[in-house]
Amino acid sequence: MSYAFHVVNLVGIYAILALSLNIVSGFAGLLSLSQAAFYGIGAYSVALATLHAGLPVSLAILAAMLATAAVAALVGAASTRFRRDYFVIATFAFQVLTFSLFNNLVAITGGPNGISGIVQPRILGHTLTSSRAFSGPILALAFSTFLVSTWIENSQFGRILRAVREDEPFARSLGISVSLFKVSAFAISGALAALAGGLYATYITYIDPTSFTFAESLSVLTMVIVGGLGNSCGAVIGALLFTLAPELLRAIGIAGGTAANIRQVVFGMCLVVVVFLRPAGLFREKLARRKVQSNGI
Amino acid sequence: MESDSTLSVRSICKKYGGVVALSDVSFELQRAAITAIIGANGAGKTTLFDVITGFTKPDSGHVFVRHADATGASPECIARLGVRRTFQGVRLARRLSVLDNILLAAGGTSINRFERCGLKTPNCAVRRASEILAIVGLRIALDEVAGKLSFGEQKLLSLALCELGEPTTLLLDEPFAGVDAAVVSAICVLLRRWTELGKSILVIEHNIGAVVSISDRVIVLERGRILKNVKPADVGKDDQILRGFLRG
């Protein structure tokens, strides 16, 4: 039973992560390869803030979200100066740089040994320790993230992000400060990725750099693309599919180590199949949105 | 500087490598008047638009919008100063609905701008857009994806969107290119409406007949220089203009 709750918790955490990336890659159309870096910064920030600064977990997660939003805004400001493939390379560079820092700043991050014994949250006087106890808060936060994402999708802010994605000169000619909105998208995305990272750190109680690699960034991007870029439901479904797939492989008797490798093969195969059959993803973006009462045509 | 001037261009120069795109270009746009720019391909017409709207920085010279120096300002700043433009070919958020495009053009960067534009709510913005679309006889569903409209419809929509930003000056890059006679007359209706509303309009156009019929002044550009700045009636009479225009 606790295994099932563990899987549910992972789905929740990855759903938050996929939704966070969808803001930058789906709505704003910026294919970022640095989401695992923000996820990691969030996780390490929470670990350090609870263990060394003695902050309660909830405050540590909030602080991590703010700090990561600031870092993401800086990364966004720098990387969005580049176009298309150069932008992707810039985010890749940040991902590699961050992983390298996690791995080599031994005094702070513990290096390859990581950080263990991360504090778990207390709610109403009870410390959450079991997978079952964690599932409620994680799912509640995943659902809240989904609501935030849906709100962005339907707001003027989301509309502007999509306009920037569709035609930047057109957006600028309407008076829209394109770089400001790209940086804002990065900041919000970074904050939500940090929320996922913080939850992961406090839930697993141990983190090391291998959880925040380039491959992880690529996995999250795959979830969003397969689910459907620009569609909040798609991001959640992508996270669900790609978290459940290795667990299902485990259930049919494939050893854990092999399952992890097969996961990569499944990722690749899914990408190819989706590109051929549903290039816009399983849940394509809703292009024509809800009507405002028009009283006209 | 005349008080009726909404936009003024002073001694603009722009080079791309060794190629002179604009050289000492100066003129003013008056309120409630249409100025047309004609010239052969490569004369510098679109570069001039790009310089005025901040998409290209001039090497020297100044652009004044309502007497404020806007030289080198970003396109978004220029747009917020009340200068809206269209592009050669149509630019829209193509994979967004007509409604989304309307709300973008009316709302700009924040929902508060609906109020600043006198469009109290998104509903008012839609009503205003519907009125403008009705004026040009465009009947399209608000939930239609903009990119799926015909070229003429997209062109009319992009022009209608310009008005939603409550601009004082409109720069239209070849509004009559690639559209049929019905759309041309619809665009002429829109241009007349804008002059009645007191807006300044600068039009790049190759269709000399249309230029003569709609404009109040005609500027002839040749190899980045202003060859003539004349009344439309004089365009057909001037051999130098015709030679300059037909060159290239």
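Remember, it's a predicted structure, so these values are computed and weren't measured experimentally.

**Q** Quick rundown of the pairing of strand 4 (residues 60-65) of chain B? Include the residues and the values.
**A** Residue and element names in this part refer to chain B. Across 5 bridges, the pairing between strand 1 (residues 5-16) and strand 4 is antiparallel. By the bridge assignment, C13 is partnered in strand 4 with S60. The pairing of strand 4 with strand 5 (residues 68-69) spans 2 bridges and is classified as antiparallel. Bridge pairing in strand 5 links V65 to A68. Between strand 4 and strand 5, which pair antiparallel in sequence order, lie 2 residues; one of them, R66, sits at a positive phi of approximately 45°.

**Q** Any chance you could break down the confidence of the model for chain B for me, citing the residues and the numbers?
**A** All names here are of chain B. Mean pLDDT for chain B: 84, with 90% of residues reaching 70 or above. Below a pLDDT of 50 lies the segment residues 111-116, which in the model reaches 18 contacts outside its immediate sequence neighbourhood of four places, other chains included. Confidence estimates for the predicted assembly give a pTM of 0.88 and an ipTM of 0.88.

**Q** Can you break down helix 6 (residues 151-164) of chain B residue by residue, with the values?
**A** All names here are of chain B. Taking 1.5 Å per residue, 14 residues should reach 20 Å; helix 6 reaches 20 Å between its end C-alpha atoms and fits that length. Taking burial as the measure, the 14 residues of helix 6 include 12 buried ones, the bulk of the element. Where helix 6 is concerned, the buried positions are G152, Q154, K155, L156, L157, S158, L159, A160, L161, C162, E163 and L164. Just beyond helix 6, the residue with positive phi is E166, at close to 50°.

**Q** Explain the pattern of salt bridges to me, using residue names and the numbers behind them.
**A** Between side chains of opposite charge, a pair can form as their charged atoms come close. For the structure on display, the rule yields 14 salt bridges over all chains. The closest approach of N and O atoms between A:R162 and B:D100, which form a salt bridge, is 3.7 Å. Taken together, the positions of A:R162 in helix 7 (residues 156-166) and B:D100 in helix 3 (residues 98-107) put the pair across two chains. Of the two residues, A:R162 and B:D100, both sit in the buried class. Between A:R165 and A:E166 there is a salt bridge, with its nearest N and O atoms 3.0 Å apart.

**Q** Outline the packing of helix 1 (residues 2-27) of chain A against helix 10 (residues 214-227) of chain A, listing residues and values.
**A** Residue and element names in this part refer to chain A. Interaxial distance between helix 1 and helix 10 falls to 9 Å at its minimum, and their mutual angle equals 75°. In terms of orientation, helix 1 and helix 10 fall into the roughly perpendicular class. The residues of helix 10 that touch helix 1, namely those facing Y14, L17, A18, L21, N22 and S25, are E216, V220, L221, M223 and V224. Residue composition of the contact of helix 1 with helix 10, grouped by class: 8 nonpolar, 2 polar and 1 charged.

Conventions adopted
- In this convention, every chain numbers its residues from 1, walking through the sequence in written order.
- Both sets of labels track the order of writing: A upward for chains, 1 upward for ligands.
- In view of the model being predicted, local features appear only for residues whose pLDDT reaches at least 70, and side-chain atom pairs are presented and counted only at 80 or more, with totals across whole chains, interfaces and linings using the full set of residues.
- With hydrogens and water stripped out, all remaining heavy atoms of the structure feed into the side-chain values.
- Note on pairing: two strands pair once DSSP finds at least 2 bridges between them.
- Runs of E in the DSSP output that reach at least two residues are strands. Runs of H or I that reach at least four are helices, and both are numbered from the N terminus.
- Scored between 0 and 100, pLDDT is the confidence that the predictor attaches to each residue.
- Whether two residues are in contact is decided by their heavy atoms: any pair within 4.5 Å suffices.
- Helix span, as expected, comes to 1.5 Å for every residue beyond the first.
- Between buried and exposed lies partly exposed: a residue is buried under 20% and exposed over 50% of the maximum accessible area for its type, with that area taken using a 1.4 Å probe on protein chains only.
- Salt bridges are counted wherever a side-chain nitrogen of Lys or Arg sits within 4 Å of a carboxyl oxygen of Asp or Glu.
- To get an axis, a line is fitted to the C-alpha atoms, and for a helix only the part in contact is used. The angle between two axes follows their N-to-C directions and goes from 0 to 180 degrees.
- Under this scheme an angle from 65 to 115 degrees is roughly perpendicular, one under 35 degrees roughly parallel, and one over 145 degrees roughly antiparallel; angles in between are oblique.
- Residues are grouped as follows: Ala, Val, Leu, Ile, Met, Phe, Trp, Tyr, Cys and Pro are nonpolar; Asp, Glu, Lys and Arg are charged; all remaining types, including Gly, are polar.

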